Amino acid sequence: MSFASSRGPYPTTRMRRLRASTFARALVREHGLTPADFILPVFVLEGSGEREAVPSMPGVERLSVDLLVELAKEAHGLGIPAIALFPVVPAERKSLQAEEAYSADGLAQRAVRALKDAVPELGVMTDVALDPFTTHGQDGIIDDDGYVLNDITKDVLVKQALSHAEAGADVVAPSDMMDGRIGAIRELLEAEGHVNTLIMSYAAKYASSYYGPFRDAVGSAGNIKGGNKFSYQMDPANSDEALHECALDLAEGADMIMVKPGMPYLDIVRRVKDELKAPTFAYQVSGEYAMHKAAFANGWLQEEVVMLESLLSFKRAGCDGILTYFALDAARALQ
(Lines give C-alpha, C1' and ligand atoms only; values in the text may rest on other atoms or scores of the structure.)
Protein backbone atom coordinates (compact mmCIF):
# COMPACT_ATOMS: atom_id res chain seq x y z
CA MET A 1 0.00 0.00 0.00
CA SER A 2 1.47 3.36 -1.06
CA PHE A 3 -0.63 5.46 1.33
CA ALA A 4 1.02 6.46 4.61
CA SER A 5 -0.90 8.58 7.11
CA SER A 6 0.85 11.63 8.51
CA ARG A 7 -1.51 11.79 11.48
CA GLY A 8 -0.67 10.72 14.98
CA PRO A 9 -2.23 7.77 16.76
CA TYR A 10 -5.37 7.82 18.90
CA PRO A 11 -6.22 9.87 20.93
CA THR A 12 -4.18 12.62 19.24
CA THR A 13 -6.18 11.75 16.16
CA ARG A 14 -9.85 10.98 16.62
CA MET A 15 -11.31 10.40 13.15
CA ARG A 16 -14.83 10.81 14.56
CA ARG A 17 -14.24 14.47 15.51
CA LEU A 18 -15.01 15.58 11.96
CA ARG A 19 -18.18 13.47 11.94
CA ALA A 20 -19.60 14.75 15.20
CA SER A 21 -21.46 17.78 13.77
CA THR A 22 -23.41 18.58 10.63
CA PHE A 23 -21.34 21.66 9.76
CA ALA A 24 -18.04 19.77 10.03
CA ARG A 25 -19.26 16.92 7.86
CA ALA A 26 -20.33 19.48 5.25
CA LEU A 27 -16.98 21.28 5.36
CA VAL A 28 -14.87 18.18 4.73
CA ARG A 29 -17.18 16.33 2.32
CA GLU A 30 -15.00 15.21 -0.60
CA HIS A 31 -17.65 14.74 -3.28
CA GLY A 32 -21.09 16.09 -4.08
CA LEU A 33 -23.92 15.80 -6.58
CA THR A 34 -25.69 18.46 -8.61
CA PRO A 35 -28.15 18.15 -11.51
CA ALA A 36 -25.27 19.19 -13.79
CA ASP A 37 -23.74 15.75 -13.19
CA PHE A 38 -26.57 13.95 -15.01
CA ILE A 39 -27.39 12.97 -18.57
CA LEU A 40 -30.96 11.70 -19.00
CA PRO A 41 -31.43 8.74 -21.39
CA VAL A 42 -34.74 8.99 -23.30
CA PHE A 43 -36.61 6.74 -25.72
CA VAL A 44 -38.40 8.23 -28.72
CA LEU A 45 -41.05 6.58 -30.88
CA GLU A 46 -43.08 7.48 -33.93
CA GLY A 47 -46.38 9.32 -33.86
CA SER A 48 -47.85 12.28 -32.00
CA GLY A 49 -49.16 12.34 -28.47
CA GLU A 50 -47.85 8.81 -27.99
CA ARG A 51 -46.46 7.39 -24.77
CA GLU A 52 -45.74 3.79 -23.84
CA ALA A 53 -44.61 2.50 -20.48
CA VAL A 54 -41.56 0.24 -20.35
CA PRO A 55 -42.75 -2.55 -18.03
CA SER A 56 -39.26 -3.60 -16.94
CA MET A 57 -38.31 0.01 -16.16
CA PRO A 58 -41.00 1.48 -13.88
CA GLY A 59 -41.42 5.21 -14.41
CA VAL A 60 -39.69 5.20 -17.82
CA GLU A 61 -41.73 5.78 -20.98
CA ARG A 62 -41.19 5.76 -24.72
CA LEU A 63 -42.39 9.15 -26.01
CA SER A 64 -43.26 10.59 -29.39
CA VAL A 65 -41.23 13.61 -30.42
CA ASP A 66 -43.79 16.19 -29.28
CA LEU A 67 -43.98 14.73 -25.78
CA LEU A 68 -40.22 14.25 -25.69
CA VAL A 69 -39.79 17.98 -26.30
CA GLU A 70 -41.90 18.70 -23.21
CA LEU A 71 -39.80 16.29 -21.15
CA ALA A 72 -36.64 17.95 -22.44
CA LYS A 73 -37.91 21.35 -21.32
CA GLU A 74 -38.51 19.95 -17.85
CA ALA A 75 -35.04 18.42 -17.71
CA HIS A 76 -33.46 21.68 -18.79
CA GLY A 77 -35.47 23.58 -16.19
CA LEU A 78 -34.12 21.28 -13.48
CA GLY A 79 -30.53 22.02 -14.48
CA ILE A 80 -29.81 18.76 -16.32
CA PRO A 81 -27.34 19.71 -19.07
CA ALA A 82 -27.99 16.97 -21.64
CA ILE A 83 -30.19 14.10 -22.75
CA ALA A 84 -29.18 10.91 -24.55
CA LEU A 85 -31.53 9.91 -27.35
CA PHE A 86 -32.47 6.32 -28.24
CA PRO A 87 -34.96 5.65 -31.06
CA VAL A 88 -37.56 2.89 -31.02
CA VAL A 89 -37.57 1.85 -34.66
CA PRO A 90 -40.65 0.14 -36.18
CA ALA A 91 -40.06 -3.42 -37.40
CA GLU A 92 -40.77 -2.47 -41.03
CA ARG A 93 -37.82 -0.06 -41.01
CA LYS A 94 -35.29 -2.59 -39.76
CA SER A 95 -33.05 -4.32 -42.29
CA LEU A 96 -29.90 -6.39 -42.64
CA GLN A 97 -27.90 -3.33 -43.78
CA ALA A 98 -29.47 -0.87 -41.27
CA GLU A 99 -30.08 1.80 -43.93
CA GLU A 100 -32.57 3.61 -41.68
CA ALA A 101 -29.75 4.43 -39.27
CA TYR A 102 -28.44 7.21 -41.51
CA SER A 103 -31.65 8.42 -43.13
CA ALA A 104 -31.88 12.21 -42.98
CA ASP A 105 -35.58 11.79 -42.19
CA GLY A 106 -35.06 9.03 -39.63
CA LEU A 107 -36.70 9.13 -36.22
CA ALA A 108 -33.52 10.06 -34.35
CA GLN A 109 -32.64 12.77 -36.83
CA ARG A 110 -36.13 14.31 -36.67
CA ALA A 111 -36.07 14.18 -32.89
CA VAL A 112 -32.71 15.95 -32.77
CA ARG A 113 -33.99 18.79 -34.96
CA ALA A 114 -37.14 19.19 -32.87
CA LEU A 115 -35.20 19.21 -29.60
CA LYS A 116 -32.64 21.75 -30.80
CA ASP A 117 -35.42 23.99 -32.12
CA ALA A 118 -37.35 23.85 -28.85
CA VAL A 119 -34.56 23.80 -26.26
CA PRO A 120 -31.37 24.94 -28.00
CA GLU A 121 -29.39 25.25 -24.76
CA LEU A 122 -29.95 21.58 -23.84
CA GLY A 123 -27.23 19.25 -25.05
CA VAL A 124 -28.46 16.44 -27.28
CA MET A 125 -26.42 13.24 -27.42
CA THR A 126 -27.23 10.53 -29.96
CA ASP A 127 -26.52 6.82 -29.93
CA VAL A 128 -24.34 5.69 -32.83
CA ALA A 129 -25.06 1.97 -33.13
CA LEU A 130 -27.03 -0.26 -35.44
CA ASP A 131 -28.89 -2.63 -33.11
CA PRO A 132 -32.18 -0.64 -33.21
CA PHE A 133 -32.04 -0.78 -37.01
CA THR A 134 -31.04 -4.39 -37.76
CA THR A 135 -33.48 -7.28 -38.12
CA HIS A 136 -31.17 -9.47 -36.00
CA GLY A 137 -30.56 -7.02 -33.13
CA GLN A 138 -26.78 -7.05 -33.42
CA ASP A 139 -24.82 -3.78 -33.40
CA GLY A 140 -23.49 -4.22 -36.91
CA ILE A 141 -23.63 -5.90 -40.30
CA ILE A 142 -23.31 -9.68 -40.07
CA ASP A 143 -21.94 -12.38 -42.36
CA ASP A 144 -23.66 -15.69 -43.15
CA ASP A 145 -22.48 -17.14 -39.84
CA GLY A 146 -23.87 -14.26 -37.80
CA TYR A 147 -20.45 -12.71 -37.07
CA VAL A 148 -20.47 -8.91 -36.92
CA LEU A 149 -18.17 -7.53 -39.62
CA ASN A 150 -16.04 -4.72 -38.24
CA ASP A 151 -15.04 -2.60 -41.23
CA ILE A 152 -18.35 -2.72 -43.13
CA THR A 153 -20.14 -1.83 -39.90
CA LYS A 154 -17.70 1.03 -39.31
CA ASP A 155 -18.60 2.53 -42.70
CA VAL A 156 -22.31 2.54 -41.81
CA LEU A 157 -21.60 4.03 -38.38
CA VAL A 158 -19.70 6.90 -39.97
CA LYS A 159 -22.73 7.70 -42.14
CA GLN A 160 -24.99 7.50 -39.11
CA ALA A 161 -22.79 9.83 -37.03
CA LEU A 162 -22.63 12.39 -39.84
CA SER A 163 -26.42 12.33 -40.25
CA HIS A 164 -26.78 13.06 -36.53
CA ALA A 165 -24.30 15.93 -36.68
CA GLU A 166 -26.09 17.38 -39.71
CA ALA A 167 -29.38 17.22 -37.78
CA GLY A 168 -27.80 19.26 -35.00
CA ALA A 169 -26.62 16.72 -32.43
CA ASP A 170 -24.16 18.19 -29.96
CA VAL A 171 -22.60 14.84 -29.07
CA VAL A 172 -22.41 11.61 -31.04
CA ALA A 173 -21.87 8.57 -28.86
CA PRO A 174 -20.70 5.40 -30.63
CA SER A 175 -21.81 2.46 -28.47
CA ASP A 176 -21.08 -0.34 -30.92
CA MET A 177 -17.52 -1.31 -29.88
CA MET A 178 -16.21 -1.68 -33.45
CA ASP A 179 -12.47 -1.14 -33.81
CA GLY A 180 -11.41 2.09 -35.51
CA ARG A 181 -14.79 3.76 -35.64
CA ILE A 182 -13.83 6.79 -33.53
CA GLY A 183 -11.02 7.80 -35.87
CA ALA A 184 -13.21 7.34 -38.94
CA ILE A 185 -16.05 9.38 -37.44
CA ARG A 186 -13.72 12.15 -36.30
CA GLU A 187 -12.10 12.36 -39.73
CA LEU A 188 -15.44 12.76 -41.53
CA LEU A 189 -16.84 15.23 -39.00
CA GLU A 190 -13.75 17.40 -39.50
CA ALA A 191 -13.96 17.12 -43.27
CA GLU A 192 -17.62 18.13 -43.26
CA GLY A 193 -17.09 21.14 -40.99
CA HIS A 194 -18.57 19.69 -37.80
CA VAL A 195 -15.45 20.58 -35.85
CA ASN A 196 -17.24 21.20 -32.55
CA THR A 197 -19.38 18.07 -32.58
CA LEU A 198 -18.27 16.11 -29.54
CA ILE A 199 -17.62 12.38 -29.52
CA MET A 200 -18.40 10.49 -26.34
CA SER A 201 -17.11 7.01 -26.94
CA TYR A 202 -18.57 4.00 -25.21
CA ALA A 203 -14.95 2.97 -24.92
CA ALA A 204 -15.27 0.26 -22.27
CA LYS A 205 -18.64 -1.35 -22.93
CA TYR A 206 -18.92 -4.78 -21.39
CA ALA A 207 -20.93 -7.78 -22.59
CA SER A 208 -23.09 -7.42 -19.53
CA SER A 209 -26.29 -9.13 -18.46
CA TYR A 210 -27.56 -5.83 -17.02
CA TYR A 211 -28.85 -4.54 -20.37
CA GLY A 212 -32.06 -6.57 -20.62
CA PRO A 213 -34.62 -3.85 -19.82
CA PHE A 214 -32.97 -1.45 -22.28
CA ARG A 215 -33.33 -3.98 -25.09
CA ASP A 216 -36.99 -4.28 -24.17
CA ALA A 217 -37.32 -0.50 -24.34
CA VAL A 218 -35.83 -0.09 -27.83
CA GLY A 219 -37.39 -3.27 -29.21
CA SER A 220 -34.23 -5.21 -29.99
CA ALA A 221 -34.65 -7.99 -27.42
CA GLY A 222 -36.94 -10.01 -29.69
CA ASN A 223 -34.64 -9.59 -32.67
CA ILE A 224 -31.50 -10.90 -31.02
CA LYS A 225 -33.40 -14.07 -30.00
CA GLY A 226 -31.10 -15.24 -27.23
CA GLY A 227 -27.91 -14.35 -29.10
CA ASN A 228 -25.01 -12.54 -27.51
CA LYS A 229 -22.52 -9.78 -28.26
CA PHE A 230 -19.41 -11.48 -26.91
CA SER A 231 -17.38 -11.02 -30.10
CA TYR A 232 -17.31 -7.23 -29.81
CA GLN A 233 -18.33 -6.12 -26.31
CA MET A 234 -15.76 -6.58 -23.55
CA ASP A 235 -15.43 -9.63 -21.31
CA PRO A 236 -16.63 -8.71 -17.78
CA ALA A 237 -13.56 -10.48 -16.41
CA ASN A 238 -11.13 -7.98 -17.97
CA SER A 239 -9.80 -4.73 -16.53
CA ASP A 240 -6.46 -3.95 -18.25
CA GLU A 241 -8.18 -4.28 -21.63
CA ALA A 242 -10.45 -1.34 -20.74
CA LEU A 243 -7.45 0.96 -20.46
CA HIS A 244 -6.30 -0.01 -23.94
CA GLU A 245 -9.79 0.54 -25.37
CA CYS A 246 -10.11 3.96 -23.74
CA ALA A 247 -6.60 5.08 -24.68
CA LEU A 248 -7.11 4.06 -28.31
CA ASP A 249 -10.39 5.96 -28.58
CA LEU A 250 -8.86 9.09 -27.08
CA ALA A 251 -5.96 8.83 -29.54
CA GLU A 252 -8.47 8.55 -32.41
CA GLY A 253 -10.29 11.74 -31.41
CA ALA A 254 -12.83 10.96 -28.69
CA ASP A 255 -13.47 13.96 -26.45
CA MET A 256 -14.98 11.91 -23.64
CA ILE A 257 -15.02 8.25 -22.74
CA MET A 258 -17.63 6.09 -21.08
CA VAL A 259 -17.63 2.93 -19.00
CA LYS A 260 -20.77 0.78 -19.20
CA PRO A 261 -22.40 -0.62 -17.02
CA GLY A 262 -21.95 1.59 -14.00
CA MET A 263 -21.96 0.44 -10.38
CA PRO A 264 -20.62 -3.10 -11.00
CA TYR A 265 -17.74 -1.53 -12.97
CA LEU A 266 -16.72 1.44 -10.82
CA ASP A 267 -13.29 -0.13 -10.39
CA ILE A 268 -12.85 0.37 -14.14
CA VAL A 269 -13.94 4.01 -13.85
CA ARG A 270 -11.37 4.61 -11.13
CA ARG A 271 -8.54 3.05 -13.15
CA VAL A 272 -9.48 4.91 -16.32
CA LYS A 273 -9.73 8.26 -14.56
CA ASP A 274 -6.53 7.83 -12.59
CA GLU A 275 -4.43 6.65 -15.52
CA LEU A 276 -5.82 8.57 -18.50
CA LYS A 277 -6.96 11.85 -16.85
CA ALA A 278 -9.66 12.31 -19.50
CA PRO A 279 -13.33 13.33 -19.13
CA THR A 280 -14.87 10.07 -17.93
CA PHE A 281 -18.53 9.08 -17.74
CA ALA A 282 -20.44 5.97 -16.75
CA TYR A 283 -23.91 4.67 -17.51
CA GLN A 284 -26.14 3.49 -14.69
CA VAL A 285 -27.83 1.05 -17.01
CA SER A 286 -31.36 -0.25 -17.24
CA GLY A 287 -30.73 -3.34 -15.13
CA GLU A 288 -29.27 -1.26 -12.32
CA TYR A 289 -32.27 1.06 -12.46
CA ALA A 290 -34.73 -1.86 -12.53
CA MET A 291 -33.10 -3.52 -9.50
CA HIS A 292 -33.34 -0.34 -7.49
CA LYS A 293 -36.94 0.30 -8.50
CA ALA A 294 -37.95 -3.24 -7.54
CA ALA A 295 -36.37 -2.85 -4.11
CA PHE A 296 -38.08 0.52 -3.64
CA ALA A 297 -41.47 -0.87 -4.69
CA ASN A 298 -41.15 -3.69 -2.18
CA GLY A 299 -40.15 -1.38 0.63
CA TRP A 300 -36.76 -3.06 0.97
CA LEU A 301 -34.79 0.16 0.42
CA GLN A 302 -35.56 3.86 0.97
CA GLU A 303 -35.98 5.38 -2.46
CA GLU A 304 -34.55 8.91 -2.38
CA VAL A 305 -31.56 8.35 -0.11
CA VAL A 306 -30.50 5.13 -1.86
CA MET A 307 -30.92 6.70 -5.32
CA LEU A 308 -28.69 9.61 -4.35
CA GLU A 309 -26.15 7.35 -2.62
CA SER A 310 -25.90 5.20 -5.74
CA LEU A 311 -25.22 8.27 -7.87
CA LEU A 312 -22.69 9.67 -5.43
CA SER A 313 -20.71 6.45 -5.77
CA PHE A 314 -20.10 7.32 -9.42
CA LYS A 315 -18.65 10.69 -8.48
CA ARG A 316 -16.45 9.16 -5.79
CA ALA A 317 -15.11 6.67 -8.33
CA GLY A 318 -14.04 9.51 -10.63
CA CYS A 319 -16.95 10.14 -12.99
CA ASP A 320 -17.34 13.60 -14.45
CA GLY A 321 -20.95 12.77 -15.29
CA ILE A 322 -23.49 9.97 -15.10
CA LEU A 323 -26.07 8.70 -17.58
CA THR A 324 -28.97 7.67 -15.39
CA TYR A 325 -32.71 7.06 -15.65
CA PHE A 326 -32.91 8.62 -12.20
CA ALA A 327 -31.80 12.00 -13.57
CA LEU A 328 -35.16 13.75 -13.24
CA ASP A 329 -35.95 12.37 -9.80
CA ALA A 330 -32.43 13.04 -8.55
CA ALA A 331 -32.45 16.58 -9.90
CA ARG A 332 -35.76 17.25 -8.16
CA ALA A 333 -34.40 15.84 -4.91
CA LEU A 334 -31.36 18.10 -5.13
CA GLN A 335 -33.32 21.31 -5.66
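Above this text is the structure in question.
Since the structure is predicted, the reported quantities are computational estimates derived from the model, not experimental observations. (Residues numbered from 1 in each chain as written. Predicted model: local features only at pLDDT ≥ 70, side-chain atom pairs only at ≥ 80, totals over all residues. Heavy atoms only, no water.)

Visitor: Looking at this structure, I do not really get the packing of aromatic side chains. What am I missing?
Guide: Aromatic rings considered in pairs are described by the distance between their centres and by the relative angle of their planes. Counted according to the given criterion, the structure contains eleven aromatic pairs. Aromatic side chains F86 and F214 sit 5.1 Å apart centroid to centroid with 85 degrees between the ring planes, which places their arrangement in the edge-to-face category. In this pair, F86 sits in strand 4 (residues 82–87) while F214 sits in helix 6 (residues 212–218), placing the two residues 128 residues apart along the sequence. By relative accessible area, which is 3% here, F86 ends up buried. (Phe/Tyr/Trp six-rings, centres within 6.5 Å; stacked < 30°, edge-to-face > 60°. Helix = DSSP H or I, 4+ residues; strand = E, 2+ residues; numbered from the N terminus. Buried < 20%, exposed > 50% of the residue type's maximum accessible area, 1.4 Å probe, protein only.)

Visitor: In this structure, what is going on with the packing of helix 3 (residues 107–118) against helix 4 (residues 150–167)? I would like to understand it.
Guide: Helix-helix packing is characterised by the crossing angle of the two axes and by the distance between the axes. Put simply, helix 3 and helix 4 touch, their axes get as near as 8 Å, and they point 25 degrees apart. As summarised for this structure, helix 3 and helix 4 are arranged roughly parallel, according to the angle between their axes. Every pair of crossing elements has a handedness; the one defined by helix 3 and helix 4 is right-handed. On helix 4, the residues that touch A108, Q109, V112 and R113 of helix 3 are S163, H164 and A167. Of the residues assigned to the contact of helix 3 with helix 4, the class counts are three nonpolar, three polar and one charged. (Axes fitted to C-alpha atoms, helices over the stretch in contact; angles between N-to-C directions. Parallel < 35°, antiparallel > 145°, perpendicular 65-115°, else oblique. Left-handed = near helix turned anticlockwise from the far one by under 90°. Contact = heavy atoms within 4.5 Å. Nonpolar A, V, L, I, M, F, W, Y, C, P; charged D, E, K, R; others polar.)

Visitor: It is not clear to me how the nonpolar core should be interpreted in this structure. Could you clarify?
Guide: Across soluble globular proteins, you tend to see nonpolar side chains buried next to one another. Ranked by internal contacts, the top residues of the largest apolar core, which has 106 residues, are F43, M200, Y283 and L323. Setting aside anything within four residues of it in sequence, one finds L323 in contact with I39, P41, A84, M125, M200, Y202, M258, A282, Y283 and Q284. (Core = buried A, V, L, I, M, F, W, Y, C linked by side-chain atoms within 4.5 Å.)

Visitor: What is the right way to look at unusual backbone geometry in this model?
Guide: Excluding glycine, most residues fall at negative phi; most peptide bonds, likewise, are trans. Look at the link from Y10 to P11: it is a cis peptide, with omega at 5 degrees. With respect to the helices and strands, P11 occurs in the segment before helix 1 (22–28). Cis geometry marks the peptide bond from K260 to P261, where omega comes out at 0 degrees. Checked against the element boundaries, P261 lands in the loop between strand 8 (256–260) and helix 9 (266–276). Of note, the phi angle at A98 is positive, near 55 degrees, even though the residue is not glycine. With a relative accessible area of 0%, A98 lands in the buried category.

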